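Understanding the architecture of this molecule
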Amino acid sequence: MPTFRVPGADLDVELSDEGGHPVVQLHGLTSSRHRDRLMDLDLGRGLSGTRLLRYDARGHGFSTGRAVPEDYRWPALADDLLMLLDQWFPGEQVHGVGPSMGTGTLLHAAVRDPGRFDGLTLLVPATAWATRAAKADIYRKNAQLIEEQGLDAFLAADLAAPRPPATVGTPETGPDVTEELLPSLFRGAAMSDLPAPAAIAAITVPTTVLAWIDDPGHPVSTAEALVGLLPKATLEVARTPADLARWPRILCEDVARHG
């Protein structure tokens with residue numbers, strides 16, 4: 001796979017070029033292209049006839065990174081994304097898809113460069129605004145736990161947490177991040193939030209928001225708030241694995257709008 005140099009990291013990048021519309025797919029915090037595939041969040045697997053760009057965010061998967069928390073703030077990740085798009089799809093409008101941290105990255109990029117995207121498919125948006133402070137505190141405690149007691153102590157607590165009903169049957173997976181970098185990733189996430197509501201309300205491209213129930217870190221309330229702010233947004237909520245299995249088809253329909 002090619003790598004792409006950004007300040008402080010080399011990003012591992014994969015392009016599936018079948019011609020057609022450009023699409024960029026992101027992943028969530030502590031995940032990667034590979035881990036999202038295991039978690040049934042690789043929606044791009046259902047696409048054909050597109051130019052699909054996938055990459056591991058800095059510090060994740062096969063990409064490198066530094067132990068610098070500020071590197072992993074969502075606006076910094078949006079800088080990486082826009083540089084990637086300038087390299088692979090210069091001057092083109094792109095459809096963006098991604099869960100959680102990927103959603104945050106896409107929204108920051110769309111606010112910064114409104115003409116870059118012609119559609120968005122946003123998955124399981126994370127805590128934001130009023131609900132963000134409590135989650136940020138959890139991230140900081142996770143970072144401290146790993147530094148003081150090691151990765152195994154964090155994994156024991158993380159894997160014991162209840163899973164959303166829509167994800168039943170998917171394998172249990174650990175972070176696709178080194179133990180050395182994981183505290184910095186968590187602290188960067190703790191410094192992050194979605195763009196201000198007024199900035200999100202100015203994003204006028206067609207957007208689908210996909211949420212699932214019973215996940216405190218990715219509450220349906222955030223998805224509902226986004227749909228209330230975005231001028232051209234619809235919401236789908238997954239309650240069962242069968243609902244989750246529909247998501248790749250929804251992405252195909254979203255991308256086909258540009259055809």
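Provided above is the structure to which this section pertains.
Residues numbered from 1 in each chain as written. Predicted model: local features only at pLDDT ≥ 70, side-chain atom pairs only at ≥ 80, totals over all residues. Heavy atoms only, no water.

**Digging into the overall build of the chain**
A count of helical and extended segments in the chain gives ten helices and eight strands. Relative to its length of 259 residues, the chain is compact, with a C-alpha radius of gyration of 17 Å against a globular reference of 18 Å. Projected onto its principal axes, the C-alpha coordinates of the chain cover approximately 50 × 40 × 35 Å. Within the chain, the proportion of its 259 residues that are buried is 55%. When contacts within the chain are restricted to residue pairs at least 6 apart in sequence, long-range pairs at least 24 apart make up 79% of them. Element-wise, carbon and sulfur atoms account for 54% of the exposed surface of the chain, whose accessible area totals about 10600 Å². In the chain, 23 side chains carry a positive charge and 34 a negative one; their mean positions are 3 Å apart. (Helix = DSSP H or I, 4+ residues; strand = E, 2+ residues; numbered from the N terminus. Rg over C-alpha atoms; globule rule 2.2 N^0.38 Å. Buried < 20%, exposed > 50% of the residue type's maximum accessible area, 1.4 Å probe, protein only. Contact = heavy atoms within 4.5 Å. Areas by Shrake-Rupley, 256 points an atom, 1.4 Å probe, with all protein chains shown as cover. Lys, Arg positive; Asp, Glu negative; His and termini not counted. Charge placed at Lys NZ, Arg CZ, Asp CG, Glu CD.)

**Details of the nonpolar core**
Core analysis: the largest hydrophobic core is formed by 52 residues, its most contacted members being Val 24, Leu 81 and Phe 117. For this core, the leading source of residues is helix H2 (residues 74-88), giving seven residues. Beyond its immediate chain neighbours, meaning those up to four positions away, Val 24 contacts Leu 53, Tyr 55, Leu 81, Leu 85, Val 94, His 95, Gly 96, Val 97 and Phe 117. Residues Leu 43, Leu 47, Leu 210 and Cys 252 belong to the second largest nonpolar core, which totals 18 residues. (Core = buried A, V, L, I, M, F, W, Y, C linked by side-chain atoms within 4.5 Å.)

**A look at helix H6 (residues 182-190)**
Burial runs high along H6: eight of the nine residues are buried. Where H6 is buried, its residues contact helix H4 (132-149) and helix H5 (151-160).

**Focus: the packing of aromatic side chains**
Scanning all chains against the criterion turns up four aromatic pairs. Aromatic pair Trp 212 and Trp 247: ring centres 5.9 Å apart, planes at 15°, arrangement stacked. Taken together, the residues Trp 212 in strand E7 (residues 207-212) and Trp 247 in helix H10 (residues 247-256) connect sequence positions 35 residues apart. For the pair Trp 212 and Trp 247, a shared accessibility class is recorded, and that class is buried. A connected cluster of aromatic rings, assembled from ring pairs, spans Tyr 139, Phe 154 and Phe 186. (Phe/Tyr/Trp six-rings, centres within 6.5 Å; stacked < 30°, edge-to-face > 60°.)

**Things to note about the layout of surface pockets**
In this structure, the largest pocket encloses a volume near 1200 Å³. As for the largest pocket, its lining consists of 40 residues, and the residues nearest its centre are Arg 35, Lys 135, Asp 158, Asp 215 and His 218. Mapped onto the lining of the largest pocket, the elements with two or more residues apiece are helix H1 (33-38), H4 and H5. The greatest single-element share of the lining of the largest pocket, amounting to five residues, is contributed by H4. Looking at the lining of the largest pocket, its residues break down into 20 nonpolar, twelve polar and eight charged. (1 Å grid on protein atoms, 1.4 Å probe; cavity = no way out; pocket = protein on both sides within 12 Å on 5 of 7 lines; lining within 4 Å. Points joined across faces, edges and corners; volume = space filled by probe spheres on them. Nonpolar A, V, L, I, M, F, W, Y, C, P; charged D, E, K, R; others polar.)

**Considerations on the pairing of strand E1 (residues 3-6)**
Taking every second residue as pointing to the same face, the buried face of E1 carries Phe 4 and Val 6, while none of Thr 3 and Arg 5 on the other face is buried. Pairing of E1 with strand E2 (residues 9-17) involves four bridges; the strand directions are antiparallel. Residue Val 6 lies in a different strand from E2, and its bridge partner there is Ala 9. Between E1 and E2, which pair antiparallel one after the other, the connecting turn spans two residues, and Gly 8 there sits at a positive phi close to 90°. (Pairing = 2+ DSSP bridges.)

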